Amino acid sequence: MKFHLQTFGCQMNVYDSESIAGILRAYGHETVSTVQEADIALINTCSVRRGAETRVLGQLGHLKTLKSRGIIRYIAVCGCMAQKHGEDLLKERGYIDLILGPAALSRLPCLLDRLENHDGPIVELSQLDIEDRDDFVPNDGPISYPCFVTIMKGCDRRCSYCVVPDTRGPERSRSPQNVLDEIRGLVDRGYREVTLLGQTVDSYRYDNTDFVGLLEKVNAIEGLRRIRFATSHPADANERLLFALRDLEKVCEQLHLPVQSGSDRILAAMRRDHTREDYLRIIDRLREIFDGISAAHQPAISTDLIVGFPGETESDFEETVDLMRRVRWDSAFMFKYSIRPGTYAATLPEHLDEETKARRLARVIDLQHETSREINQRLIGETLEVMLDQPSADKRKHSGWDGRSRQGKTVKVAGVSPDAQPGDILCVRITKTTSYTLFGDVVSYSVR
Ligand code: 5AD
Ligand code: SF4
């Protein structure tokens, strides 16, 4: 069968989509780049905010039209919305052929066989409470960065606004053996950088291996040059992790540590299990540990912020703004609170109006933009280690390559030799910056 796969949502979904494509290809199915060419349209969905669900429902409407015109034959919905809405989705939208939860991906090939045998529609939800910690599927996509490797599934935290524990189930860590095998396979295929993924990676544990233990094992893989990881949780990030960022040479100096709010009152209502002070203590300690180290190896810190949580007063919001000024994150993902049915936060009184949420969001975005711009500007004249990803797509504006610094910042590099390849690591002198991008010239080729 020819299949077309569209992905909504987070990095975990990107990884799952690569796995879906990998499994289907292994069973002889063929990827196509436009949905019109496909027999089956698969959409990998996200439930984390209402906007994501609305976009998926819009796309489903479009697929329904294609199916009724006979252009595609089947429609499959995978991922978090499938898990969350299950049968209801099918009741409301009878044209869907397959609904598949995020932990049931490995059953996809036999479910497609069942569709071909007119045994549909099918609802296959994941048994999220069962022990499926080694039920991970290898990804075999074409070489492109970032390259994600899931090290754990689910989440045991209960942030009051979040659907993830319901859609992805309890936390299950994957065995180090399994993770290392997958990464060695990727290195054999030419990958030189991996990003380890989990909702709260720093609570990873498998028998006697904790997250830093896993990082040490991955760091020892020959041929691998760089390791990144996301997402960390402030209640689990310990001192060993901060030292690992400095001392494990392949671990890139990048920490994504969501704080969500700067107000202790709101953090408690969010059930975050950390205070503003706890967060600041981690940041201050990290900066202390990196004191005296060159700019090329200073850590970049990023966060997620939610504004307009139920009951957030102007003064709570000002505390978030104040925390932004105090921490000065390199970058931030900023969201308006989105009500998610079934979560505790949805039942709280004092939901804020859209206008207030939008105003607060615009203010944090402006401030972050300014901070990112200033932080990046200070990098002008510094020499950074950049790994090449691909030749720049925008040939008119930039004829060089796109790459990333160890801190995960996008760098547009000029003066790259014609025989350069993705995965090459170069020393690049930064000449110009914006809030989101650095520009620079090659100074030297480091080891290939
Ligand atoms: N509303 C807004 N943002 C949310 N996030 C999770 N749930 C919600 C919600 N209901 C954000 C958090 C989280 C990121 C992945 O998505 O900031 O860290
Ligand atoms: Fe959601 Fe909180 Fe778990 Fe992150 S840590 S996935 S925000 S419940």
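Residues numbered from 1 in each chain as written. Chains lettered and ligands numbered in written order. Predicted model: local features only at pLDDT ≥ 70, side-chain atom pairs only at ≥ 80, totals over all residues. Heavy atoms only, no water.

### Examining the overall build of the protein chain
Then comes step 1: Across its full length, the protein chain holds 12 helices and 21 strands.
Then comes step 2: Its C-alpha atoms give the protein chain a radius of gyration of 22 Å, near enough to 22 Å, the size a compact globule of 448 residues would have.
Then comes step 3: Principal axes of the C-alpha set define a box for the protein chain whose edges measure 65 × 60 × 50 Å.
Then comes step 4: Per-residue burial over the protein chain gives 56% buried out of 448 residues.
Then comes step 5: The long-range fraction of contacts in the protein chain, counting pairs at least 24 apart against all pairs at least 6 apart in sequence, stands at 72%.
Then comes step 6: Surface exposure of the protein chain reaches about 19200 Å², of which carbon and sulfur atoms provide 49%. (Helix = DSSP H or I, 4+ residues; strand = E, 2+ residues; numbered from the N terminus. Rg over C-alpha atoms; globule rule 2.2 N^0.38 Å. Buried < 20%, exposed > 50% of the residue type's maximum accessible area, 1.4 Å probe, protein only. Contact = heavy atoms within 4.5 Å. Areas by Shrake-Rupley, 256 points an atom, 1.4 Å probe, with all protein chains shown as cover.)

### Notes on the nonpolar core
Then comes step 1: Grouped together as the largest cluster of nonpolar side chains are 58 residues, with contacts concentrated most on Ile183, Leu196, Leu215 and Phe229.
Then comes step 2: Here this core takes six residues from helix α10 (residues 276-289), the largest share from any one element.
Then comes step 3: If near-sequence neighbours (up to four positions away) are discounted, Leu196 is found in contact with Val149, Ile151, Ile183, Val201, Phe211, Leu215, Val218, Ile227, Arg228, Phe229 and Ala230. (Core = buried A, V, L, I, M, F, W, Y, C linked by side-chain atoms within 4.5 Å.)

### Details of the site of ligand 2
Then comes step 1: Close to ligand 2 lie Cys155, Arg157, Cys159, Tyr161, Cys162, Val164, Pro165, Gln199, Thr200, His233 and Arg272, which account for all nearby residues.
Then comes step 2: Grouping the amino acids of the shell around ligand 2 by side-chain chemistry returns six nonpolar, three polar and two charged. (Near = heavy atom within 4 Å. Nonpolar A, V, L, I, M, F, W, Y, C, P; charged D, E, K, R; others polar.)

### Topic: the packing of α10 against helix α11 (residues 314-327)
Then comes step 1: The interhelical angle for the contact between α10 and α11, taken along N-to-C directions, is 10 degrees, at an axis separation of 11 Å. Here α10 lies roughly parallel to α11, going by the angle between them. On the side of α10, the interface is formed by Arg276, Tyr279, Leu280, Ile283, Asp284 and Arg287, while α11 contributes Glu319, Asp322, Leu323, Arg326 and Val327.
Then comes step 2: For the contact of α10 with α11, the class distribution of residues is five nonpolar, no polar and six charged. (Axes fitted to C-alpha atoms, helices over the stretch in contact; angles between N-to-C directions. Parallel < 35°, antiparallel > 145°, perpendicular 65-115°, else oblique.)

### Things to note about the site of ligand 1
Then comes step 1: Lining the immediate surroundings of ligand 1 are Val48, Arg49, Tyr161, Gln260, Asp304, Ile306, Phe335, Lys336, Tyr337, Ser338 and Arg340.
Then comes step 2: At 2.8 Å from an oxygen atom of ligand 1 is found a side-chain nitrogen or oxygen belonging to Arg49.
Then comes step 3: Starting from 400 Å² of accessible surface for ligand 1 in isolation, the protein chains cover 85%.
Then comes step 4: Elements with a minimum of two residues in the shell around ligand 1: β15 (300-307) and β16 (331-336).
Then comes step 5: Among the residues forming the shell around ligand 1, the class breakdown is five nonpolar, two polar and four charged. (Polar contact = N/O pair within 3.5 Å; in protein donor to acceptor, adjacent residues only side chain to side chain.)

### Examining helix α6 (residues 176-188)
Then comes step 1: With 13 residues, α6 ought to run about 18 Å at 1.5 Å a step, and its terminal C-alpha atoms sit 18 Å apart, in line with that.
Then comes step 2: Taken together, the buried residues of α6 touch α1 (11-26), β7 (148-150), β10 (193-197), β11 (205-206), β12 (209-210) and α7 (211-219).
Then comes step 3: Following α6 by one or two positions, Gly190 adopts a phi angle in the positive range, close to 115 degrees. (Expected span 1.5 Å × (residues − 1).)

### Re helix α8 (residues 239-247)
Then comes step 1: Within α8, the full set of buried residues consists of Leu241, Leu242, Ala244 and Leu245. For α8, the buried positions fall inside an angular range of 155 degrees around the axis, keeping them on one side.
Then comes step 2: Buried residues along α8 sit in contact with α7, β13 (226-230), β14 (254-256) and α10. (Arc of directions from axis to C-beta.)

### Some remarks on the sheet that holds strand β2 (residues 30-31)
Then comes step 1: Taken together, the six strands give an open sheet; going across it, the order is β2-β1-β3-β4-β5-β6, and neighbouring strands pair in parallel fashion. Every other strand in the sheet has two partners, leaving β2 and β6 (122-124) as the edge strands with one partner each.
Then comes step 2: Here strand β1 (residues 2-7) pairs with strand β3 (residues 40-45) via five bridges, running parallel. Paired with Gln6 across the strands is Ile43, a residue of β3.
Then comes step 3: Contacts from α1 reach β1, β2, β3 and β4 (74-79) within the one sheet, and its direction differs from that of β1 by about 175 degrees.
Then comes step 4: Across the sheet, helix α2 (residues 50-68) touches β1, β3 and β4, and the angle it forms with β3 is around 175 degrees. (Pairing = 2+ DSSP bridges.)

### A word on the domain arrangement of the protein chain
Then comes step 1: The domain boundaries assigned to the protein chain delineate domain 1 (2-124), domain 2 (148-377) and domain 3 (383-445).
Then comes step 2: Taking only C-alpha atoms into account, the centre of domain 2 sits 26 Å from that of domain 3.
Then comes step 3: The interface of domain 2 with domain 3 comprises 24 residues on the first partner and 20 residues on the second.
Then comes step 4: Taken together, the two surfaces of domain 2 and domain 3 that pack against each other cover about 1700 Å², and 41% of this comes from carbon and sulfur.
Then comes step 5: At the boundary of domain 2 with domain 3, the tally comes to three salt bridges.
Then comes step 6: With a shortest N-O distance of 2.8 Å, Glu253 and Arg406 are connected by a salt bridge.
Then comes step 7: Between domain 2 and domain 3 we count 18 residue pairs in polar contact (both at pLDDT 80 or more) in total.
Then comes step 8: When residues of the side of domain 2 that touches domain 3 are traced back to their parent elements, those giving at least two are β13 and α12 (354-377).
Then comes step 9: Here the element with the most residues in the side of domain 2 that touches domain 3 is α12; it accounts for six residues.
Then comes step 10: Along the lines of polarity and charge, the residues of the side of domain 2 that touches domain 3 split into seven nonpolar, seven polar and 10 charged. (Domains from an automatic or database assignment. Buried area = accessible area lost by both parts, 1.4 Å probe. Salt bridge = Lys/Arg side-chain N within 4 Å of Asp/Glu carboxyl O.)

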